[in-house]
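So you can see what is in the structure, the chains are spelled out below.
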Amino acid sequence: MKKIILFSLLCLFLSACATTPIINPLELPNVEFEKEDRILILAPHPDDEVLGCAGVIQNAALNNLPLKVVFFTYGDNNEWSFMAYKMHPVIIPQAVRNMALVRYDEAVNADSVLGLEKENLIFLGYPDFKTLNIWNSHWASRPPARGMLTNSKAVPYKNAFRYGAPYKGEEILKDLEAIIRDFKPTKIFVSHSADHNVDHRALYLFTRVALWNLKKEINPKVYPYLVHFKDWPKPLGYHPKKTLSPPYFFKDLISWRIYRLDDAKISKKYRALKANKSQMKLDAKFLNAFARVNELFGDFAEIVLKPNDGILIYKESENRDFINKRSILASKQRAGFVGIQEKYIRLKDDNIEFTFKFSRPLARGAEICLRTFGYSFSRPFEAMPKLQVRIGPAKYGVYDQHHKISSKNIIVERHLFQIVVKIPLKVLGYPDKILTTSQSYLTRIPQDWYMWQIIDITE
């Protein structure tokens, strides 16, 4: 009996070790600022700039460093927080737009606590929770996206950076490039490509493309910050003496940096968070969990792919935090789900080859979606192909921005536990870089998602 108890305790200990962060954030290198720095903070929604960068903002204000905060959206799709704030459902488009203006005022108040004047804030006004959809499907000849609750197809706020800008990808790039070109930042703080929130991932992607487009003019350092990731951070609530550690998942994937906050900066960050009253009503414990001794910044390394190289870019055992554990499917349906165990990429004979390895063959209703966008320094991004290959148990389809196209040039090779997808570089527009992600579906319901990855094939 004692052996069984000891063995059980050992298992519990090993399990705890496997999920507990081993990184002491205070031993990580610091983000250093120079007197010549110009700081640009890109926030998906009002409050994200406080969550990720309140210490950075205060440092800039104290040292008279030029700083701008750009809000991607007005946060006009957070229906649950609106209902908690108003004590009744907010669903009529005009009422939703009015709540967006509440969030605008909250952002102005929050950033004033940190030392920023209103003129240092820029609001773009793109649709909350719809910007990744714009990234995927609304470029060039495609129609604008429609806001989920505002019912708008263009920026509806007259105090926005460009009132009336259509909800399209090239319009977002136009705004970001204009702001970056005019402000000339030396450091950019932006949301993370691994963030679970779709607007956070989208803003990162648009920012990367905007910076590639401006490469000959400006080359700032980029510091992504994480906000939403599974059940991180822990513990929830206000713990001003605790550090903010990276999720264990990232321990070998990202080189992190920190910015340290003293007691005064933590206190101001806490007050700035409370100024976002509409969000505090619903999520106070989560928001307050970011008021700690340090802020975290770090990015994935860009993958350089040379001819005939085969690179493992995903492994399930190391990335299981990306699995959607809140599936609404019944247990019998989940038994048919086939997740991606490993994903490889190779450049061979003017083709990009993706190899997916599974634990079992694709079952009925299962589907793998591979998105692959090409970027070229010599061609506008809106004109580049944005491919989606949807692979089922027996057939596959190829789409460009959800428009079905011929699949004759794309080869899909099927094996029992493996699928290989070969996409000619010509079909991708002979890109210099590739942006790619994959997702598994069962009966059209997404079961997992993986961060977008950047592949450099210029060498």
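The preceding data block contains the structure.
Only a predicted model underlies this, so the values are computations on that prediction, with no experimental measurement involved.

### Details of the packing of aromatic side chains
Taken as a whole, this structure holds 31 aromatic pairs when the rule is applied. With a centroid separation of 6.0 Å and an interplanar angle of 35 degrees, the aromatic rings of Tyr375 and Phe381 are classed as tilted. Neither Tyr375 nor Phe381 differs from the other in exposure class; each is buried. Taken together, the ring pairs connect Phe72, Tyr126, Trp135, Trp139, Tyr167, Phe206, Trp212, Phe373, Tyr375, Phe377, Phe381 and Trp452 into an aromatic cluster. Against the face of Phe381 rests Lys386, its NZ or CZ located 4.4 Å from the ring centre. Across from the ring centre of Tyr441, 4.8 Å away, lies the NZ or CZ of Arg390, which sits over that ring.

### What about helix H4 (residues 93–113)?
Between its terminal C-alpha atoms H4 stretches 31 Å, which fits the 30 Å expected from 21 residues at 1.5 Å a residue. Restricting attention to buried positions, one finds in H4 the residues Val96, Arg97, Met99, Ala100, Arg103, Tyr104, Glu106, Ala107, Val108, Ala110, Asp111 and Val113. The elements touched by buried residues of H4 are helix H2 (48–62), strand E2 (67–73), helix H3 (79–86), strand E3 (121–126), helix H8 (263–274) and helix H9 (277–288). After H4 finishes, the residue Gly115 shows a positive phi value of roughly 105 degrees.

### Section: the environment of Ser376
Along the chain, the position of Ser376 falls in the loop between strand E12 (366–375) and strand E13 (386–391). In this structure, the C-alpha to C-alpha distance between Ser376 and Ile434, residues 58 residues apart in sequence, is 9.0 Å. Setting aside chain neighbours within four positions, we find Ser376 in contact with Met384, Tyr430 and Asp432. Within the structure, Ser376 has its side chain in polar contact with the side chain of Ser378 (distance 3.0 Å).

### Focus: the sheet that holds strand E17 (residues 418–424)
Strand order in the open sheet made by the five strands is E9-E10-E11-E17-E16, with antiparallel pairing throughout. Each edge of the sheet is formed by a strand with only one pairing partner; in this case those strands are strand E9 (310–315) and strand E16 (411–415). For this sheet, the mean angle separating the axes of adjacent strands, direction not counted, is 15 degrees. Summarising the sheet, strand E11 (residues 351–358) and E17 pair through seven bridges and their orientation is antiparallel.

### A word on the nonpolar core
Membership of the largest hydrophobic core comes to 102 residues, with the highest contact counts inside it found for Trp135, Phe189, Phe206 and Leu435. The biggest single contributor to this core is helix H7 (residues 198–213), with ten residues. Within the second largest apolar cluster, 31 residues are counted, among which are Leu305, Leu387, Val421 and Leu428.

### Considering the sheet that holds E3
Read from one edge of the open sheet, five strands run E3-E2-E1-E4-E5, paired in parallel fashion. Every interior strand has two partners, whereas the edge strands, E3 and strand E5 (221–225), have only one. The average undirected angle you get between the axes of adjacent strands in this sheet is 15 degrees. As paired elements, strand E4 (residues 187–191) and E5 share five bridges and run parallel to each other. Within the sheet, the bridge partner assigned to Lys187 lies in E5 and is Lys221. Running over the sheet, helix H6 (residues 169–183) touches strand E1 (39–43), E2, E3 and E4 and is turned about 170 degrees from E3.

### Focus: H6
In an α-helix, one full turn covers 3.6 residues, which means residues spaced three or four apart are oriented alike. The end-to-end C-alpha separation of H6 is 21 Å, in line with the 21 Å expected for 15 residues at 1.5 Å each. Of all 15 residues that make up H6, eleven are buried, and the element is covered over most of its length. Among the residues of H6, Gly169, Glu170, Glu171, Ile172, Leu173, Asp175, Leu176, Glu177, Ile179, Ile180 and Phe183 are the ones counted as buried. Check the buried side of H6 and you find it contacts E1, E2, E3, helix H5 (131–137), E4 and H7. Looking one or two residues beyond H6, the residue adopting positive phi is Lys184, at roughly 55 degrees.

### Notes on the pattern of salt bridges
Taken as a whole, this structure holds 16 salt bridges when the rule is applied. Where Glu217 meets Arg181, a salt bridge forms, and the shortest distance between an N and an O atom there is 2.9 Å. Highlighted residues: Glu217 in the loop between H7 and E5 and Arg181 in helix H6, separated in sequence by 36 residues. The exposure class of Arg181 is partly exposed, given its relative accessible area of 37%. Of the charged contacts, one joins Asp262 and Lys265 as a salt bridge, the two residues approaching to 3.9 Å between their closest N and O atoms. For Asp262, a relative accessible area of 40% puts it in the partly exposed group. Bridged by salt links that share partners, the residues Arg162, Glu171 and Asp175 form one connected network.

### Some words on the pairing of E3
Both faces of the sheet carry side chains from a regular strand, because those side chains alternate between them. Of all six residues in E3, six are buried; the element is thus mostly enclosed. On E3, burial covers both faces: Leu121, Phe123 and Gly125 on one face and Ile122, Leu124 and Tyr126 on the other are all buried. Here E2 runs beside E3; their pairing, made up of four bridges, is parallel. Counterpart to Val70 in the pairing with E3 is Ile122.

### Here we look at the packing of H4 against H9
Between H4 and H9, the shortest axis-to-axis distance is 8 Å and the interhelical angle comes to 95 degrees. On the basis of the axis angle, H4 is roughly perpendicular to H9. Note on element contacts: H9 touches H4 through Lys277, Ser278 and Gln279, opposite Met99, Arg103 and Glu106. When the residues that make up the contact of H4 with H9 are grouped by side-chain class, the tally is one nonpolar, two polar and three charged.

Calculation notes
Residues numbered from 1 in each chain as written. Predicted model: local features only at pLDDT ≥ 70, side-chain atom pairs only at ≥ 80, totals over all residues. Heavy atoms only, no water. Phe/Tyr/Trp six-rings, centres within 6.5 Å; stacked < 30°, edge-to-face > 60°. Buried < 20%, exposed > 50% of the residue type's maximum accessible area, 1.4 Å probe, protein only. Lys NZ or Arg CZ within 6 Å of the ring centre and 35° of its normal. Helix = DSSP H or I, 4+ residues; strand = E, 2+ residues; numbered from the N terminus. Expected span 1.5 Å × (residues − 1). Contact = heavy atoms within 4.5 Å. Polar contact = N/O pair within 3.5 Å; in protein donor to acceptor, adjacent residues only side chain to side chain. Pairing = 2+ DSSP bridges. Axes fitted to C-alpha atoms, helices over the stretch in contact; angles between N-to-C directions. Core = buried A, V, L, I, M, F, W, Y, C linked by side-chain atoms within 4.5 Å. Salt bridge = Lys/Arg side-chain N within 4 Å of Asp/Glu carboxyl O. Parallel < 35°, antiparallel > 145°, perpendicular 65-115°, else oblique. Nonpolar A, V, L, I, M, F, W, Y, C, P; charged D, E, K, R; others polar.

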